[in-house]
Number of protein chains: 2
Amino acid sequence: MASGCDLILAARWLATQDDARGVIENAAVAVKDGLVAAVGPRSEVEASWSAPKTLDLGRSCILPGLINTHGHAAMTVFRGLEDDLPLMDWLTKHIFPVERQLTREVVYLGSLLAAAEMIRTGTTCFTDMYLFEEETARAVDACGLRAVLGDGIFAVPQCAYTRPDEVWPILADFAAAWKGHPRIRPGYMAHSVYLTPPDMLVRAYETACREEALFCLHLAETRAETDNCLRDYGRRPAAHLEALGLLSPRSLLVHCVDLDAADLPLIAASGAHVSHCPKSNLKLASGVAPVPAMRAAGINVALGTDGAASNNSLDLFSEMGFAALLHKGVTLDPLAVPAQTALDMATRNAAGALAWPELGALAPGRAADLIALDLAEPGLQPVYNPVSQAVYAASGSQVLLTMVAGKILYRDGRFETIDLPSLLREIEGVAAWVRARLV
Amino acid sequence: MASGCDLILAARWLATQDDARGVIENAAVAVKDGLVAAVGPRSEVEASWSAPKTLDLGRSCILPGLINTHGHAAMTVFRGLEDDLPLMDWLTKHIFPVERQLTREVVYLGSLLAAAEMIRTGTTCFTDMYLFEEETARAVDACGLRAVLGDGIFAVPQCAYTRPDEVWPILADFAAAWKGHPRIRPGYMAHSVYLTPPDMLVRAYETACREEALFCLHLAETRAETDNCLRDYGRRPAAHLEALGLLSPRSLLVHCVDLDAADLPLIAASGAHVSHCPKSNLKLASGVAPVPAMRAAGINVALGTDGAASNNSLDLFSEMGFAALLHKGVTLDPLAVPAQTALDMATRNAAGALAWPELGALAPGRAADLIALDLAEPGLQPVYNPVSQAVYAASGSQVLLTMVAGKILYRDGRFETIDLPSLLREIEGVAAWVRARLV
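Since this is a predicted model, take the numbers as computed values, not measurements.

> Explain the interface of chain B and chain A residue by residue, including any values.
Each partner contributes to the interface: chain B provides 63 residues, whereas chain A provides 63 residues. At the boundary of chain B with chain A, total buried surface from both sides reaches about 5100 Å², with 61% on carbon and sulfur atoms. Of all residues in chain B, the largest losses of buried area upon contact with chain A belong to D84, P378 and Y384 of chain B, amounting jointly to 15% of the total for that side. Among the salt bridges present, the one from R59 of chain A reaches E428 of chain B, with a minimum N-O distance of 3.0 Å. Viewed at the interface, chain A and chain B are joined by 25 residue pairs in polar contact (both at pLDDT 80 or more). Where the side of chain B that touches chain A is concerned, the elements lending two or more residues are α3 (104–120), α10 (278–283), α12 (316–331), α15 (386–393) and α16 (420–436) of chain B. Counting residues per element, the side of chain B that touches chain A draws most heavily on α16 of chain B, which supplies 7 residues. Counted by class, the side of chain B that touches chain A contains 32 nonpolar, 17 polar and 14 charged residues.

> Break down the packing of helix α4 (residues 133–143) of chain B against helix α5 (residues 167–178) of chain B for me, with residues and values.
Each pair of packed helices gets described by two things: the angle between the helix axes and the distance between those axes. Residue and element names in this part refer to chain B. In contact at an axis separation of 10 Å, α4 and α5 are set at 15° when each is read in the N-to-C sense. Considered as vectors, α4 and α5 are oriented roughly parallel to each other. You can see that α4 and α5 cross each other, and the crossing is right-handed. Of α5, the residues touching α4 (which contributes E133, E134, A137, R138 and D141) are F174, A177 and W178. Taken together, the residues of the contact of α4 with α5 sort by class into 4 nonpolar, no polar and 4 charged.

> Provide a residue-level description of the pairing of strand β15 (residues 273–276) of chain A, including the pertinent values.
All names here are of chain A. Neither face of β15 is exposed, since H273 and S275 on one face and V274 and H276 on the opposite face are all buried. Pairing analysis gives 3 bridges linking strand β14 (residues 251–255) to β15, with the strands arranged parallel. Within the sheet, the bridge partner assigned to L253 lies in β15 and is V274. Across 4 bridges, the pairing between β15 and strand β16 (residues 300–303) is parallel. Counterpart to V274 in the pairing with β16 is V301.

> Could you give an account of the relation of the copies chain B and chain A, naming the residues involved and the relevant values?
Aligned on chain A, chain B shows an RMSD of 0.0 Å; the corresponding rotation is 180° and the shift along the axis is 0.0 Å. Taken together, the rotation and translation relating the two chain copies correspond to the operation of a two-fold axis. When the interface residues of chain B are mapped onto chain A, 100% of them again lie at the interface, so the same face is used by both copies.

> How would you explain the nonpolar core if you had to name every residue and give the values?
Residues F78, L145 and F317 of chain A together with F78, L145 and F317 of chain B are the most contacted members of the largest nonpolar core, which totals 252 residues. With 20 residues, the next largest nonpolar core counts L7, A11, L362 and I408 of chain A among its residues.

> Quick one: what's the story with the pattern of salt bridges, residue by residue and with numbers?
Note on pairing: side chains with opposite charge can pair once their charged atoms come close. Residues and elements named next belong to chain B. Applying the stated criterion across every chain, the model contains 50 salt bridges over all chains. We note a salt bridge from D232 to R231, for which the minimum N-O separation is 2.8 Å. Judged by relative accessible area, which is 46%, D232 ranks as partly exposed. Judged by relative accessible area, R231 falls into the exposed class, the value being 60%. D258 is paired through a salt bridge with R236; the nearest N and O atoms lie 3.8 Å apart. With a gap of 22 residues between them, D258 in the loop between β14 (251–255) and α9 (263–270) and R236 in the loop between α7 (223–233) and α8 (237–243) connect regions that are remote in the sequence.

About the cut-offs
- Residues numbered from 1 in each chain as written.
- Chains lettered and ligands numbered in written order.
- Predicted model: local features only at pLDDT ≥ 70, side-chain atom pairs only at ≥ 80, totals over all residues.
- Heavy atoms only, no water.
- Contact = heavy atoms within 4.5 Å.
- Buried area = accessible area lost by both parts, 1.4 Å probe.
- Salt bridge = Lys/Arg side-chain N within 4 Å of Asp/Glu carboxyl O.
- Polar contact = N/O pair within 3.5 Å; in protein donor to acceptor, adjacent residues only side chain to side chain.
- Helix = DSSP H or I, 4+ residues; strand = E, 2+ residues; numbered from the N terminus.
- Nonpolar A, V, L, I, M, F, W, Y, C, P; charged D, E, K, R; others polar.
- Axes fitted to C-alpha atoms, helices over the stretch in contact; angles between N-to-C directions.
- Parallel < 35°, antiparallel > 145°, perpendicular 65-115°, else oblique.
- Left-handed = near helix turned anticlockwise from the far one by under 90°.
- Buried < 20%, exposed > 50% of the residue type's maximum accessible area, 1.4 Å probe, protein only.
- Pairing = 2+ DSSP bridges.
- Least-squares fit on C-alpha atoms with pLDDT ≥ 70 in both.
- Core = buried A, V, L, I, M, F, W, Y, C linked by side-chain atoms within 4.5 Å.

So, in C-alpha cells, the structure goes:
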C-alpha cells in the first residue's frame, strides 16, 4: 500500500545531483512536509507514494534549486545605472552618493525585486551582505526563499550605522529576530581586509563560531587589494586571514581572483570555501579567478552572482555558463570546468559552503527545494544530456517551476508569493528616487 | 491627414541603432510593405500614420533584429552531444562519424530547429556555412527568416560531395535557385586555409566577386592553425589570404583569435570584416580574440554564435553578454567593450559585414526586421538604459516579438511559421538517428 505525501512532481528528466550524479529519465519526486520523500523512476515513485495531486511537468528537467553564494540583493535598484564608466567614477559619482542615502524602504523593495528575479530564474537559496539587512530578511520571509543574511561589517560610515562599533548590536538584534527561522540563517559578513580592520574581522569570526554561523568576506578580488594588504599588513590577503586565525570550514571567501601559488594550499588546507563570481569579476575588470587551480588544490568552489550593479543579472544559469566556458578559453583546456562541475558549483558545492547539508541535491530527507527547466524550448533541443543543456544552453527564463521547502513560489508565469505588477510600479518610483540623487 | 501603413508597433522604449544611437521613450514604428515607414515618439508616429492595427508592446524595448554572422545551423542536431571531451576525441569519435552520414532530411530538420531558436531569441538574419545548404535555404524560405547561405568549400570528402571540384556545380545550382529571393542571398563560404587549398580559395573569392556576394571563411581560429599555415605556406593565415588577393570589404573572417600585431593593420587596411564568436572560442579552448585591439585598429567586428555543437546556443543576447564582459576581464579594462559596442556588433556592424545596408538599424526605408525585448521581467528592472539591459542582463528567452520584412514570425509564445510541436517530435527521431551512429 502506498504511503501518503503532499505532491508528486513528474518530468521527462531529473538530475539528482546526488553523489553518483544520477540523471533519471521519466522521473518523479514525492514531496512531504517540505522535504523530498522519494525520488526515482516515475513508475516506482507512483507505486510507493500517493498524493492528492500529481504535477506533470512534461519535457522538462527537475533539478535541485540553485544556490547563489554571493550577492547584495538590494543593489538591483542600481542595475544598469551608468555602468560603462571607469570603476572609480562609477563608484564615487553614481553608486556611493546614492548608497549613503539609502532608506529601509528602498532596501526592502530592492530585495524583493531580487527575490522575484531569483525565483523566476531558478535560485532557491542565496547569501546576502548589505545594509539594513533586516529589510532583506523581511522580503525573504515574505516571498518564501531561503537565505543566509547579514549586515556588512566594516569601518566606513554609511546609512545604516556611522560608528564601526554600532554594527554589533545591529547584528545581535538581527540574530535574535531571525535565529530559528526555518528558511533564514543569520551570517557574519565582514566586508574585506581593506574595509574591515583586524579587530573587527576577529570579532566577526568569533561571533560566527559562537553562533555556529557562516563567516564570509570579499577576498583577493583585485591585484590592488593584494598590494594594499602587503603594504598595510606585510602579508597577502589569504595569509592575513590565516595569521588572524580566520580560515576554517566556516569561512566563505568571495572572489579569490588574485591568488598566488602559496595561497592555494593555504586555503585548501584550512577547509575554507570559495565563492566564484565570474561575471562580476569580468565586468569590474578584476580578472579571472584561477578556478581550475583551486579545484586541483582541493578547494570547494561554489558560484555567486554578486550584486546586480556589477553583473547585471542574478540568473545563476548564465553564471554557470560563464564558469564553464571562461576557464576553458583562458587556460586553453577544453576540460577545465565541465558542465557537471559548473552545476555542482551552483548546487552541492554551494550547500557545502553554507554548511546546509539538506540543500544542493534531491534525495529522501533533503529539502524539497527544486526547479523545473523547460527543455521543450527549441534552443534546448534535442536532449542528449540535460546537464549539458542546463549549463551551456539554458537561461533562467526557461525555468517553469520554482519550489522551496515544498511550496511552489513560481509556476508558468505566475508568482505565488509576490505581487509583481505592484512591485514593478514601486520599483519605478525607486528608480526615480535614485536618479534624483545622482551627482 | 495621416498616411496609411500596414501596422504600428508601440513600446515604452525603442533603440534605433541609427548613427546617433538614438533611444526613444514611448516610441512607435510604422511598418509598410515590409519596410520601416517611420520611427519616433509614439504621438508623432500616430499623428502622421494610420494603420488598421496598432500593437502595444507595453514595457518592452523594440530593437533592430539581431544578425548572426557565423554559424552552422543544422549542427543543432549535435547540441550537447558528449561535449566535455578533448577536442580531437569529440570530433573524431562523435561528430565526424555522424556528419559523414548526414542526410538532406537531417540538415533540413536541424536547420528548421535552428531557425525556431533564432526566431524565439530575437535573431532575424544569419549567415550559414554547411552541407546540403539547399535544405537550409528551404527552411529559411519556409520560416520567414533572412540569411546569407552557402555550402562549405573544402577539399575533404564528406556526405554532400566527395571530389573537391564537385562543389562548383552545387554552388552554381544554389545561386541559380536562390539569387533574387527577397530574403536569401547566396554566399561563398570557404572552410579555412587548412581545409581549402589556395586554388579553391581563389576560385571561391572570384566567384563571390562576380556574383557580388559575400566571401567568408574561418581564419586564425587557433594557434595550431597559424603554425600549420606557417609550415605549409610560410605565412600566417591573414598574410596568406592577402598574398592570394582575398582580403577586401567582401571578406568576412570568422574567429580571428590568433592575430599578431602585424595581422591587425593588414586586415584593417583591406576593409575585411571579422565575425567574433566568443562562446565557441572559449568552449573549444581556442582562446580569446583580441577584439579591443581590432577595434582600435579600425576593423569592423560583428558577432556570431558558431554552430550549436560548440556554443551550445544560438542566442545572440547571450553572445553579446560574453562579448561585453569577457574582454573587460581579460584586458583588465572596464571600458574594453561597452554595452553599446556589443549591441552594434550584433546589429549595425553585422549589416556592414554582410553588405546589407537595409539591415541593422531602424529608420525610414530600412527593412522592418525588428524584435521586442520584454523589460517587464523582474531581472530587467528597473530600466535606466535599455541598451545596458539588452546586453548585460537579458536573455533571448525574454524576446516577445520577432518580425522579419514586416511579417511577425513569433509573438508571446506563438510561432507563426513553424509548427513547433511537430518539429520537436521529428527532432526526437533525429536524435535517435544520431545516437545510433556514434562510434
